[in-house]
Structures are given as structure tokens and as C-alpha cells.
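Tertiary structure, described
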Amino acid sequence: MNPLKKIYCRTFQTGLKIALPFLPYRKPKIVGSVKALPEIIQKKKCSSVLIITDAGIRSLGLTRRLEKALENAGIPFCIYDKTVANPTTDNVDEAVELYRENACDCIIGFGGGSSMDCAKAAGARIAKPRQSLAKMKGILKVHKRLPLLMAVPTTAGTGSETTLAAVITDAQTRYKYAINDFPLIPRYAVLDPKVTLSLPPFITATTGMDALTHAVETYIGNSTTYGTRKDALLAVKLIFENIDTAYENGSDIDARCNMLHASFYAGCAFTKSYVGYVHAIAHSLGGEYNVPHGLANAVILPMLLEAYGKKIHKKLARLAVAAGLAQEDTPCNEAAGLFIQAVKDMKKRFGIGDRIPEIQETDIPKLAHYADKEANPLYPVPVLMDASELEPFYHRLMEEPDAVSKDESDNEIEEIGKGGPEDDRTGN
């Protein structure tokens with residue numbers, strides 16, 4: 001990245017960090033069961049509910065407990081269940097139309113991050129009916145209060161129930177972008193482990209590693225606070241203690257509950273302190289090829305941690321201690337290596353590979369441009385990179401025809417991680 005762009009990015013990030021204590025961040029109120037929602041809805045004087053979910057969640061019967069609770073309380077509701085992975089502008093428009101047809105005044109996002117993001121974006125369009133989602137992308141462009149918004153995560157990973165972001169894919173261009181504003185933070189987060197019990201092992205693993213990526217990228221970034229560091233460390237601890245149990249024994253209610261709370265804490269951390277290039281690359285792959293977000297993050301995470309090099313060793317060492325992988329007196333470089341290796345081992349146990357075979361080489365400049373545009377200047381990453389420096393990671397993620405091209409990509413990535421002036425800075 002050229003020096004002027006670096007200065008601009010770091011100045012922008014420093015300004016945001018200084019402003020953090022004065023911004024209206026809030027944590028959603030935690031509810032332990034979907035059965036508690038009718039009472040909240042009635043207290044808020046809402047008369048009709050739109051539930052936004054996807055066909056898979058509904059076919060598994062996961063919404064039935066909520067439907068029954070609403071029926072017993074005499075609260076009318078309708079269900080939009082056409083949300084797709086990486087929700088599109090078309091999904092949002094259809095959900096908004098259903099909301100208006102049924103005179104709803106409350107929205108419940110029920111499912112993974114896609115359903116919750118669709119619910120948030122629908123709320124934004126309802127609050128600002130004359131403005132397109134494309135005009136709301138970026139930071140602080142919603143402004144207006146949304147209808148009562150509640151989130152019921154069925155996966156322990158996205159953290160979307162805590163965040164101010166909704167990630168939407170343009171149905172025509174496949175460009176994936178984020179809308180970030182405080183009104184998008186749900187008022188209530190329902191951490192009900194019973195709705196996660198039927199989650200398949202592989203989805204349990206990839207969504208759990210999604211939460212891990214949130215916590216790690218937050219912690220190694222340069223805009224953390226005491227609170228976000230505390231939340232990130234707690235999330236990492238809970239994930240390392242519970243993800244294998246949840247993967248191997250999906251009916252373990254305690255492990256499921258702990259994973260939901262880990263996802264919540266990781267979400268609280270990154271909604272304030274942001275993520276990094278792992279997410280930027282993953283979002284570009286999700287938008288272009290519909291690669292599941294958690295899977296993409298899991299594949300990419302150790303590769304970026306290695307590329308950042310010594311810049312993040314002290315922080316990774318603290319994460320290693322929180323994860324139970326190292327002692328306080330373990331040398332930083334050794335503890336950092338233990339943490340990265342533990343992430344690789346976790347991937348291997350869960351059958352998660354090191355490649356994203358959908359990537360087409362001709363798409364890489366465009367994908368890298370999308371990642372650059374998303375991340376810079378917003379994400380306070382340990383080492384700044386522009387589109388040309390991000391391209392080698394896409395090459396590394398491809399199913400490569402021979403070892404030569406892989407070696408070339410590895411060499412390019414190693415160069416990025418060497419300690420130039422940017423790498424020598426000390427992050428917080």
C-alpha cells in the first residue's frame with residue numbers, strides 16, 4: 001500500500017477509536033427462550049409480527065416453538081422463509097412487502113446470520129422507505145429507529161444478534177456490501193440453546209470458527225478497548241472449551257449454550273472494534289460464489305495470522321493463554337505458533353480444508369478490489385494491504401494445478417508479513 005493511503009487509513013481508524021466512547025453502542029438484552037418473546041411483544045404494544053427465516057430452518061421445525069408461543073398469546077404473525085445464504089436485495093424487498101401486507105410492527109430474525117441480516121436490512125428499508133439499500137451502505141446512513149427488532153440465532157457463530165451491521169448482496173451485480181448503523185442492533189437477543197440442537201456437526205464447526213474469527217480479528221486489531229478485549233478473550237476461552245463437544249455431541253445443552261454465549265461476546269467485541277482482512281476476503285467470496293461465510297473464515301484465518309507475522313505475536317500469545325494452550329511465561333513467538341497450529345488442528349478435526357475451489361483466476365483482481373474497498377480505511381488491521389497485496393491470498397486459496405504456482409503465492413504472502421515500517425508499529 002502506498003504511504004499516502006496508509007496515512008489516510010490510519011488517520012481514519014484513529015479518529016474512529018477516539019470517538020468510540022462517545023458513540024451510542026449498546027448490547028441487546030439477552031432472553032433465554034423464545035417462549036419469553038410474546039410477553040415482550042405485548043409490553044412493547046406491538047400487534048403483528050414478521051418472522052424472517054429460511055426454508056431449511058422452517059423445514060426442520062425450529063420455528064414451531066415460537067409460532068406456538070405467539071399463537072397461545074393471540075399475537076398474529078406471518079413468516080418470510082425465502083432468505084438465502086448471503087441474503088440479497090430481492091430477499092429484503094420481498095420481506096418488506098410481506099411486512100406491509102400484514103400491517104406488521106415487529107420483526108424477528110430467526111436463523112443464522114443471513115436471516116438476521118435480512119431482518120435488519122428489511123427494518124432499515126421500512127424505516128427509510130424512499131432510500132435504497134445501496135444508498136445506506138457504509139457507516140451511519142440509516143439514522144432512523146427501526147421497528148422492534150429481535151434476533152433468535154440458530155447457529156453459534158455469526159454474532160449478528162449483537163451487531164450494528166447487515167451484510168447484503170446486490171441481486172443483480174452480486175456485489176456484497178455492509179450497512180452499519182446503531183439502529184440495526186437488535187433490541188433483544190434470544191440465546192436459546194434448544195433451537196441449535198439439530199444443527200449438523202459441520203455447520204456447528206464452521207459457525208463456531210466464524211465466532212472464533214470474530215474474536216481473533218477483533219483482538220489483534222488496533223482499535224480495541226478494555227471491554228472488547230475482555231469480550232474477545234472470553235469468547236476464545238468458551239470456544240476452545242466447548243466447540244469440540246458441540247461438534248461431537250450436538251445434544252449437549254451446556255456446550256450449545258456456551259457456544260451461543262461465545263458468539264454473543266465475540267459479536268459484542270467486533271461490532272465496536274471491527275474485524276479485518278479475513279472477513280473482507282470471505283465477504284468477496286460469499287458475494288461472488290455464495291461460499292458460506294463461516295466456512296470461508298475458517299479456511300482463511302490461519303493463513304492471514306501467519307501473514308501478519310511478528311506484528312501480532314504478543315496478542316496471539318494472550319489468546320493462546322485464554323484458550324489454555326500456553327502459560328503466561330511461554331515466549332510470545334512460541335505461544336503464537338501454538339495458537340495458529342491449534343486453529344489448523346481444529347480445521348483438520350472438523351474436515352475443513354485449505355482451499356476455496358470455486359475461485360476463478362480471472363475473477364481475482366475484482367475480488368481483491370472488493371476486499372480492499374470493504375476493509376480500507378475502516379478495518380484497523382495489524383498490517384495494511386491494498387488490492388494488489390491481497391491478490392496472493394486468493395491464488396493461495398485456489399485449487400492450484402501444480403506446486404510451482406503455490407510456492408509463488410507463498411513467497412508473495414511471506415513478503416507481506418516481513419517487518420517493514422508498517423509492521424514495526426505497536427498496536428493496542
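Refer to the structure presented above.
Residues numbered from 1 in each chain as written. Predicted model: local features only at pLDDT ≥ 70, side-chain atom pairs only at ≥ 80, totals over all residues. Heavy atoms only, no water.

**Things to note about the overall build of the protein**
Counting its secondary structure elements, the protein contains 16 helices and nine strands. A compact globule built from 428 residues would reach a C-alpha radius of gyration of about 22 Å, and the protein, at 21 Å, matches this within 12%. Principal-axis analysis of the C-alpha atoms places the extent of the protein at approximately 65 × 45 × 45 Å. Restricting the contact set of the protein to residue pairs at least 6 apart, pairs at least 24 apart contribute 78%. Summing over all exposed atoms, the protein offers an accessible surface of approximately 17,300 Å²; the carbon and sulfur share of this is 53%. Across the protein, the mean location of the 51 positive side-chain charges is 10 Å away from that of the 51 negative side-chain charges. (Helix = DSSP H or I, 4+ residues; strand = E, 2+ residues; numbered from the N terminus. Rg over C-alpha atoms; globule rule 2.2 N^0.38 Å. Contact = heavy atoms within 4.5 Å. Areas by Shrake-Rupley, 256 points an atom, 1.4 Å probe, with all protein chains shown as cover. Lys, Arg positive; Asp, Glu negative; His and termini not counted. Charge placed at Lys NZ, Arg CZ, Asp CG, Glu CD.)

**Some thoughts on the pairing of strand β8 (residues 176–180)**
When you tally the buried positions in β8, you get four out of five residues, the bulk of the element. Bridge count between strand β5 (residues 138–139) and β8: two bridges; the pairing is parallel. The residue of β8 that forms the bridge with glycine 138 is isoleucine 179. In terms of strand pairing, strand β7 (residues 165–169) meets β8 through five bridges, oriented antiparallel. (Buried < 20%, exposed > 50% of the residue type's maximum accessible area, 1.4 Å probe, protein only. Pairing = 2+ DSSP bridges.)

**A few points about a positive patch on the surface**
A cluster of basic residues, Lys29, Lys44, Arg145 and Arg187, forms a positive patch on the protein surface. One can find arginine 187 in the loop between β8 and β9 (188–190). (Patch = residues over 30% accessible without salt bridge, like charges linked within 9 Å, V, L, I, M, F, W, Y side chains within 5 Å. Salt bridge = Lys/Arg side-chain N within 4 Å of Asp/Glu carboxyl O.)

**Concerning the state of the cysteines**
For the structure on display, the rule yields zero disulfides. We note that cysteine 78 lacks a disulfide partner, and the nearest cysteine sulfur, in cysteine 104, lies 3.7 Å from it. (Disulfide = S-S within 2.5 Å.)

**Concerning the packing of helix α8 (residues 226–248) against helix α13 (residues 332–349)**
Packing of α8 against α13 leaves a shortest axis separation of 12 Å and a crossing angle of 20°. Here α8 lies roughly parallel to α13, going by the angle between them. Like other packed secondary-structure pairs, α8 and α13 cross with a definite hand, here left-handed. From α8, Val236, Phe240, Ile243, Asp244 and Tyr247 reach across to α13, where they touch Phe339, Ala342, Met346 and Arg349. Its residues assigned to classes, the contact of α8 with α13 comprises seven nonpolar, no polar and two charged. (Axes fitted to C-alpha atoms, helices over the stretch in contact; angles between N-to-C directions. Parallel < 35°, antiparallel > 145°, perpendicular 65-115°, else oblique. Left-handed = near helix turned anticlockwise from the far one by under 90°. Nonpolar A, V, L, I, M, F, W, Y, C, P; charged D, E, K, R; others polar.)

**Comments concerning the sheet that holds strand β2 (residues 49–52)**
Judged by pairing direction, the sheet is parallel, and its six strands sit side by side in the order β1-β9-β6-β4-β2-β3 without closing on themselves. The sheet is open, and its two edges are formed by β1 (29–31) and β3 (77–80), each paired on a single side. For this sheet, the mean angle separating the axes of adjacent strands, direction not counted, is 20°. Where strand β4 (residues 106–111) meets strand β6 (residues 148–153), six bridges bridge the pair, whose relative direction is parallel. Counted as the bridge partner of phenylalanine 110 is valine 152 from β6.

**Section: helix α6 (residues 113–127)**
The end-to-end C-alpha distance of α6 is 21 Å, a good match for the 21 Å that 15 residues give at a rise of 1.5 Å each. Burial analysis of α6 places 14 of its 15 residues in the buried class, which makes it a mostly covered element. (Expected span 1.5 Å × (residues − 1).)

**Concerning the pairing of β4**
Counting buried positions over the six residues of β4 gives six, a clear majority of the element. Relative to β4, β2 runs parallel, the two sharing four bridges. Looking at the pairing, isoleucine 52 lines up with glycine 109 of β4.

**Description of the pattern of salt bridges**
Going through the model one piece at a time under the given rule, you end up with eleven salt bridges. Between aspartate 372 and lysine 5 there is a salt bridge, with the nearest N and O atoms lying 3.1 Å from each other. Pair noted here: aspartate 372 is in helix α14 (residues 364–375) and lysine 5 is in helix α1 (residues 3–19), with a separation of 367 residues, a long-range link. Classification of aspartate 372 as buried rests on a relative accessible area of 11%.

**A word on a negative patch on the surface**
The grouping of Asp90, Asp93, Glu94, Glu97 and Glu101 at the surface amounts to a negative patch. Of note, glutamate 97 is situated in helix α5 (residues 89–101).

**Notes on the environment of alanine 205**
Along the polypeptide, alanine 205 turns up in helix α7 (residues 201–220). A relative accessible area of 0% places alanine 205 in the buried class. With 50 residues separating them in the primary sequence, alanine 205 and threonine 155 have C-alpha atoms 9.9 Å apart. Residues within four places of alanine 205 in sequence aside, it is in contact with Ile243, Tyr247 and Phe350.

**Brief notes about the side chain of threonine 207**
Residue position: threonine 207 is located in helix α7. The class of threonine 207 is buried, set by a relative accessible area of 11%. Only 2.6 Å separates the side chain of threonine 207 from the backbone oxygen of isoleucine 203, close enough to count as a polar contact. Setting aside residues up to four positions removed in sequence, threonine 207 forms contacts with Thr155, Ala156, Gly157 and Leu199. (Polar contact = N/O pair within 3.5 Å; in protein donor to acceptor, adjacent residues only side chain to side chain.)

**Examining the nonpolar core**
The nonpolar side chains of a soluble globular protein tend to be buried with one another. Tyr277, Ile281, Leu285, Ile300, Leu304, Phe339 and Ile359 are the most contacted members of the largest nonpolar core, which totals 90 residues. By residue number, the principal contributor to this core is helix α11 (residues 293–308), which donates ten residues. Residue contacts for isoleucine 300: discarding those within four places in its chain leaves Val278, Ile281, Ala282, Leu285 and Leu397. Counting residues in hydrophobic clusters, the runner-up holds 30 residues, among them Ala122, Met136, Tyr175 and Ile179. (Core = buried A, V, L, I, M, F, W, Y, C linked by side-chain atoms within 4.5 Å.)

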